[in-house]
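Breakdown of the fold
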Amino acid sequence: MSAVRFIHTADLHLDTPFRGLSVMNPELARRLKDATFISFRRITDLCIARNVDFLIITGDVFDSENKSLAAQLKFSSEMKRLSENGIPTYIACGNHDPYDTWLGALNLPENVHRFSTGKCEHLVFEKKGKVLADIHGISYREASVKENLARKFSLPATPAPVSVAVLHGTVGLSVPHAEYAPFTLDDITGKGFDYWALGHIHKSRVLRQSDPAVVYPGNPQGRDFGETGLKGCYVVDIQKDHEPKIEFIPTQAIRLENISIDLTGVTRIEELENKITDAIESFNDTGNESSLIIRILLTGRTALHKQLIRKEEIQQLLEHFNEGQPVQDRFTWTDSIIAGTRPDIDIETIREGAGFPSEILKTFEACSKDTEKLKDLIMALEDEFANPKAKKIIGESGLQDHTGILENAKDILLDKIFTGK
Amino acid sequence: MIIKDIHIDGFGIFKGKTINNLRKGINIIEGENEAGKSTLLKFIRYTLFGYPRLKEQRMMPLNGGNHGGRIRIFHSSGRDITFERNGSDQLTLYEHDQASQDKTMWFQLLGNANDKIYENIYAFSLDELVGTQSLSDSGMEDRIFSIGSGMGNISVGSVGSSIQENIDRIYNPRGKQQVIPIIMNKIADLKKRTDEIQKNLPAYNELNEAIINLERDHANLETEISEARREKDRLANYLKCYDNFIAIRNTESELSGMPELKDYPPGGPDKLERLEVQITALKQRIREIEDGDDDSPGIPDIESELNALSFNEKILAEEADVDYLDRNLQLLIQAVKDRDETQKLLNICNIQIEDDLKSINSKWNGQNITAFDEVLIHQDRIRAFRKEFDDISNRRIEISASRRAVEDGRSRINPGNLLILFAVLALLVSLALFWQKLFLPGALSALAAILIFFSRKWILAPNPLPEYDNKLKELDNQEQALRAEYRKYINATFDLDDDLSTETALELLTRINSLKKEISDSRGLNSKLEEKKSFIAEYTSRAIAFREILIDAPEETEALVRHISVEYKNAKTASERKEALEKLIYEKRKILARTKSALDEASTQIEALLASIGEKDPDEFRAKYRTNDRVISLRDERKEKLATIEVIAGKGESQKVIDYLENNSKEDITNRLSAMESEIAGKSESLKVLHTQLGGKRNELKHIESESELTEILTELETEKQKLGLAYREWIENKVALKILTDVRERFEREKQPEVIRNSGRIFSKITDGRFSRISATMDKKEILVFDEHNTAKKVEQLSRGTREQLLISLRLGFIEEYEAHSEALPVVVDEIFVNFDHERTIRAAEIFSEFASDRQVIIFTCHPSTADYFDRKNINLVRL
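Computed from a predicted model, the values in this text were never measured in an experiment. (Residues numbered from 1 in each chain as written. Chains lettered and ligands numbered in written order. Predicted model: local features only at pLDDT ≥ 70, side-chain atom pairs only at ≥ 80, totals over all residues. Heavy atoms only, no water.)

**Some points on the overall build of chain A**
Looking only at helices and strands, chain A has eleven helices and 19 strands in total. Counting all 421 residues of chain A, 55% fall into the buried class. Approximately 18,100 Å² of chain A is accessible, and the part contributed by carbon and sulfur atoms is 48%. (Helix = DSSP H or I, 4+ residues; strand = E, 2+ residues; numbered from the N terminus. Buried < 20%, exposed > 50% of the residue type's maximum accessible area, 1.4 Å probe, protein only. Areas by Shrake-Rupley, 256 points an atom, 1.4 Å probe, with all protein chains shown as cover.)

This is how it looks when you write it as structure tokens:
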């Protein structure tokens, strides 16, 4: 008895755009825009289906920078739905959605509680007149919080059978280093809570299984190619004096993946196509109801290199794989195919030769060894780019991958010399 | 290396072609056009460096043989190796009879040169030289430079420009159509759209508040309006009551002048009226009864009619008979007719019967016929007789026929007589024998004769004929007997003696049958006749009986009957009328009595009525009632008007209304009313305005709530940023490539160039016989200059074609020298390059080549035999294809 079941999620980032896509398509755009909402909807569906006692959302429900009205309104309607099903929600505001950025006119139902700022708030969950759980939490007032909020949590004199702490921030291992409510694992383990419902880190992790359980649920929907793999929420069952049951359930609408395909020895385009299809197939086996967006990196030395570095060839491949895709219920969209292959030119022969091409090759090699000189060369060229606005968008730090740039420049040149294209 | 031998198995036009003993120095291969020089050149290139991928370029053997061949070389290292390659590009290297397919060795042997290098450096043809001429200025220099740098047909300049094109396509400081500016525009546009939408967030809170305020104002105004309406309605009602108010006032004043209300029994005047009317009617009624009216006569009239009535009573008593006569009159008429008809028929029938009787038996009469029974049985009987007769006859015929047959069958020869003859003969024989004293034979023969004679009976078949005859006789007897019997029968039956055949007998029977029928018909007719007659008699007698009680009755039956009928009807009618009239009088008298008594009753009632309010005179009575009624009606009217006021203004309000109307004039009220109305109108207008504003704000709210594009736009924005980054990177990469290209080119020229230029300059000077001293390339690599004997610089386009070609050859050779400083020497192959040279130039060129060939192999293809003349014949290897 006196067990509680709840779902723990965080970093919904409703209405945040996708970053890092190379190509847009109206149908794809439509599917992308709905992805975070669909994933959140699946979470609320899960709450109802699993008959949970309450829902915990640890911060970053939306990005206040985006100023999306729709995000807040849609969130509100989902809250109404849960409320109608008798499921309360406990929300801690995070760095992206601090307390004051929530709409004043947003009518959240009665049993949706946003933790207040400043100090830790203690809420009580009751069922049929019995107190089943204490839920402690604190919200961010502004975007950057540098104090250690974990220190503000403490159990009351007569705690409930189950105590849950809701905190948005970064847990460092020994020395806290990040900007968002940094704290250490030691800070939280001794406090006597059963479960720390954390948020902020987008990769889902169970840091500790029990005593106390410490969990980052991660964001339920990836937004760029750094957030690949399965995304979802945790269904948690806690009973006093028992080990908590923590179950991950994927809820994402769209899954992002980077795929690397080695083309060494591959001579025909059909083989390449088969390899890509196989790679895509391997993700379809995981039984998740999500669509897929992939970036493909081709590697290895192959006779196909000449074809692959031609943009039209890549374009055709992309079109081939993307044909009819975003319209399907579960679609697979190939964002880009990066040809990291190397030409099947016999570099040795060229280098040994005594011609202009050999000089070129030797110069490239010399350049790649002297990293300082290379850096100077590239920076000097970057300075020639006289569009400050564009520069700002691209990033002040400029291009970092000097070696990669040099390699590509070499391929461009050699290609032109040897094939005239 | 040096090519020693060439053996072609099958390649283009060649089959099994061998060229041996090529050697270091000048080798001239001479052949007509189409002899296969280019083919041979291709063979050398393919065999050494590999067959091309495209099948059509591989020179499939046209005349048979295995596709491919061998080339034997002497390597600079001293090794003697044979390259064997087939048309499928399979290479085998043979050295000391050891075969190997080691590609690495192949590469090494060739000094890591490939086909491109070979083509670009070592093998040059007329086309190239000619082709070069047609390029424009910088292109030509570049080409020369490129040839010099060993890049063959790809010019460094074109590579450079191609890269620059990429760079320019992506970004150009002032350009607006490049990839990057376009992306930037897109980004700016998307940002603008985003900003627009993001304004919605703060707007939402504001709108919400504005709506709440507007709603409050709206509600307040509504309340004010409804209050004003209520007040207006109240006044309007008062106004509506005004007329009633006046009416009430009037009523009250009239009442004040009236006497007290009296409690008269209700409906007095009505009752009086009714009674008076009743009396009038009763009187009228009496008059009518006594005197008669439009509908019925008065009593005296009826009485007089009654007296005048008279009729025949007697006939009335005979109703049954009259009825009978009437009903059956038609029957009578018909019966008379029938009787006559029937009589006729009967006569005819009887005559017929007479005749038929006679034809059967003149003695017979109808009795006999009637008594004749069982016709059918007789018929059968006679038929049986007939059959018997027929049987007998048939039998007779049968027997006769058989007898005849037997008779015919019998032999003409009478066997009995024959036997007798034999017996006689035997006797004679015996006699003869006896005569001869032959006693024994004679006795035998006599015995035989006796035997024959007495045994006739046994020998002979009985004569059947008599039997037949007996039978016939028997039959005759039978017939006789039968006939007798038959005749007896006929006699008994028909009482006839005649010899009747069976047919006739049968016919008689038939006739008897019909006669029977006729007789019965006659009887029928007879009885019918009798029937009719008796009916007629009966009827007539009944009719005649009436003559006694009628006067002027006709004689004839039919007319009589009609007369009777009429008379009867008249009498009946009159009698009924009498009855009716009597009844009528009786009734009328009864009514009269009743009416008179009612009249008395009514009069009494009137008196009582009048007395009930103490009056004797009806008019006074009426007047009193009238006054009283008026008082009642006034009082009622007042009550009613008050009730109406309450209906209009509300229950219990009447006093308030009256008080108000007492104190306020109609005019005042009307003025106040219109003032209220304008106030309401004004406020309603304001309400409408508020309502519109509210609607507008609500729409706005809905609109911004429904906006859903933001994420899409933000994602698109991110994508554009990504594209920007990629484009930028590509730009940088191309810039790097260009920079390095340029640097290397400069360096190449600076370092490598001199060597090549020097070599080439030296050769050029020689080949032009000193007319030109040297070559130089400018630092910006745009120009190659040649300096003539006077050290005047000349640009390439200033040279004549022949000189240009010499320059090209010099450059080539110069580069070969430079190249070989680091690599395995390969055979130089030139194809028809002297063709444009004049005599002088050819000599020069030949000299140069000879010198060049001193420690190299040079193979010259030509179709001019004269070419060989330019060389020292002793030192050349001449091969004719």
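**Examining the packing of helix 15 (residues 415-435) of chain B against helix 16 (residues 439-454) of chain B**
Residues and elements named next belong to chain B. For the pair helix 15 and helix 16, interaxial distance at closest approach is 7 Å and the crossing angle is 165°. As summarised for this structure, helix 15 and helix 16 are arranged roughly antiparallel, according to the angle between their axes. Judged by the twist between their axes, the crossing of helix 15 over helix 16 is left-handed. In contact with L419, F422, A423, A426, L427, V429, S430, L433 and F434 of helix 15, helix 16 contributes F439, P441, G442, A443, S445, A446, A448, A449, I452 and F453. Of the residues belonging to the contact of helix 15 with helix 16, the class tally is 16 nonpolar, three polar and no charged. (Axes fitted to C-alpha atoms, helices over the stretch in contact; angles between N-to-C directions. Parallel < 35°, antiparallel > 145°, perpendicular 65-115°, else oblique. Left-handed = near helix turned anticlockwise from the far one by under 90°. Contact = heavy atoms within 4.5 Å. Nonpolar A, V, L, I, M, F, W, Y, C, P; charged D, E, K, R; others polar.)

**Concerning a nonpolar patch on the surface**
Residue and element names in this part refer to chain B. The grouping of L418, L421, F422, V424, L425, L427, L428, L431, F434 and F439 at the surface amounts to a nonpolar patch, some 890 Å² of accessible area in total. No other element matches helix 15, which puts nine residues into the nonpolar patch. Tracing the chain through its elements places L427 in helix 15. Relative accessible area serves as the criterion here: at 41%, L427 is assigned to the partly exposed category. (Patch = residues over 30% accessible without salt bridge, like charges linked within 9 Å, V, L, I, M, F, W, Y side chains within 5 Å. Salt bridge = Lys/Arg side-chain N within 4 Å of Asp/Glu carboxyl O.)

**A few points about the sheet that holds strand 10 (residues 784-788) of chain B**
Residue and element names in this part refer to chain B. Read across the open sheet, the three strands follow the order 9-10-11; overall the sheet is antiparallel. Both outer strands of the open sheet, strand 9 (772-777) and strand 11 (793-795), are each paired with one neighbouring strand and no more. Strand-to-strand twist across the sheet, computed as the mean angle between neighbouring axes with direction ignored, equals 30°. By the bridge criterion, three bridges tie strand 10 to strand 11 in an arrangement that is antiparallel. (Pairing = 2+ DSSP bridges.)

**Here we look at the packing of aromatic side chains**
Counted under the stated rule, the structure contains 36 aromatic pairs over all chains. Seen in terms of ring centroids, B:F434 and B:F439 are 6.0 Å apart; in terms of plane orientation they differ by 50°. Their pairing is tilted. Exposure remark for B:F434: the relative accessible area of 33% places this residue in the partly exposed category. Assessed through its relative accessible area of 49%, B:F439 is described here as partly exposed. Connected via pairs of aromatic rings, a cluster forms that spans A:F6, A:F54, A:Y90, A:F115, A:F125 and A:Y195. (Phe/Tyr/Trp six-rings, centres within 6.5 Å; stacked < 30°, edge-to-face > 60°.)

**Considerations on the interface of chain A and chain B**
On the side of chain B, 58 residues touch chain A, which itself brings 64 residues to the contact. Taking both partners together, chain A and chain B bury about 5,600 Å²; carbon and sulfur atoms supply 71% of that area. The largest share of the area that chain A buries against chain B comes from A:L69, A:F356 and A:I393, three residues that together contribute 12% of it. Across the chain A-chain B interface, the total number found is two salt bridges. Measuring nitrogen to oxygen at the nearest pair gives 2.7 Å for the salt bridge that ties B:K735 to A:E384. For the side of chain A that touches chain B, the secondary-structure elements that each account for two or more residues are helix 1 (26-49), helix 2 (69-84), helix 7 (347-352), helix 8 (356-369), helix 9 (371-383), helix 10 (388-394) and helix 11 (402-419) of chain A. It is helix 11 of chain A that contributes the most residues to the side of chain A that touches chain B, nine residues altogether. Of the residues assigned to the side of chain A that touches chain B, the class counts are 32 nonpolar, 14 polar and 18 charged. (Buried area = accessible area lost by both parts, 1.4 Å probe.)

**Some words on the side chain of A:S68**
Turning to its location among the elements, A:S68 is positioned in the loop between strand 2 (54-58) and helix 2. A polar side-chain atom of A:S68 sits 3.5 Å from the main-chain amide nitrogen of A:A70. Among the polar contacts made by the side chain of A:S68, one reaches the main-chain amide nitrogen of A:A71 at a distance of 3.1 Å. Those residues in contact with A:S68 that lie beyond four places of it in its chain are A:D15, B:L201 and B:L710. (Polar contact = N/O pair within 3.5 Å; in protein donor to acceptor, adjacent residues only side chain to side chain.)

**Regarding the confidence of the model for chain B**
All names here are of chain B. Scored by pLDDT, chain B comes out at a mean of 84, with 93% of its residues at no less than 70. This stretch, residues 132-140, has a pLDDT under 50; its non-local contacts, to residues over four places away or in other chains, come to 13 contacts. This complex was scored by the predictor with a pTM of 0.52 and an ipTM of 0.82. (pLDDT = per-residue confidence, 0-100.)

**A look at helix 6 (residues 311-322) of chain A**
Residue and element names in this part refer to chain A. In this model helix 6 runs 16 Å from its N-terminal to its C-terminal C-alpha over twelve residues, within 8% of the 16 Å that 1.5 Å per residue would give. Along helix 6, the residues that are buried comprise E313, I314, L317, L318, F321 and N322. Buried residues of helix 6 fall within an arc of 160° about the axis and therefore sit on the same side. For helix 6, exposure combined with an orientation more than 90 degrees from the buried face picks out E312, Q316 and E319. (Expected span 1.5 Å × (residues − 1). Arc of directions from axis to C-beta.)

**What about the sheet that holds strand 1 (residues 3-9) of chain A?**
Strand pairing in a sheet is mediated by backbone hydrogen bonds. Such pairs are either parallel or antiparallel. Residues and elements named next belong to chain A. One open sheet holds the six strands; their spatial order is 4-3-2-1-13-14, and the pairing between them is mixed. Of all the strands in the sheet, the pair left with one neighbour each is strand 4 (112-114) and strand 14 (245-250). Averaged over all neighbouring strand pairs, the angle between strand axes comes to 20°, with direction disregarded. Bridging between strand 1 and strand 13 (residues 232-239) involves six bridges; their strand directions are antiparallel. Along strand 13, the bridge assignment pairs R5 with D237. Against the sheet, helix 1 engages strand 1, strand 2, strand 13 and strand 14, with an angle of about 175° to strand 1.

**Topic: the environment of B:E558**
Residue and element names in this part refer to chain B. Of note, E558 is situated in helix 20 (residues 557-612). Considered as a pair, E558 and L329 are 229 residues apart in the sequence and their alpha carbons are 7.2 Å apart. Apart from the residues lying within four places of it in its own chain, the contact partners of E558 are L329 and I333.

**Some words on the environment of B:H790**
Residues and elements named next belong to chain B. Within the element layout of this structure, H790 appears in the loop between strand 10 and strand 11. Accessibility expressed as a relative area gives 62% for H790, which makes it exposed. Along the sequence, H790 and F772 sit 18 residues apart, while their C-alpha atoms lie 8.4 Å from each other.

**Quick word on the packing of helix 12 (residues 319-360) of chain B against helix 19 (residues 502-545) of chain B**
Residues and elements named next belong to chain B. Axis separation between helix 12 and helix 19 bottoms out at 6 Å; the angle between their running directions is 155°. Considered as vectors, helix 12 and helix 19 are oriented roughly antiparallel to each other. Two packed elements cross with a definite hand, and for helix 12 against helix 19 that hand is left-handed. By residue class, the composition of the contact of helix 12 with helix 19 is 23 nonpolar, eight polar and twelve charged.

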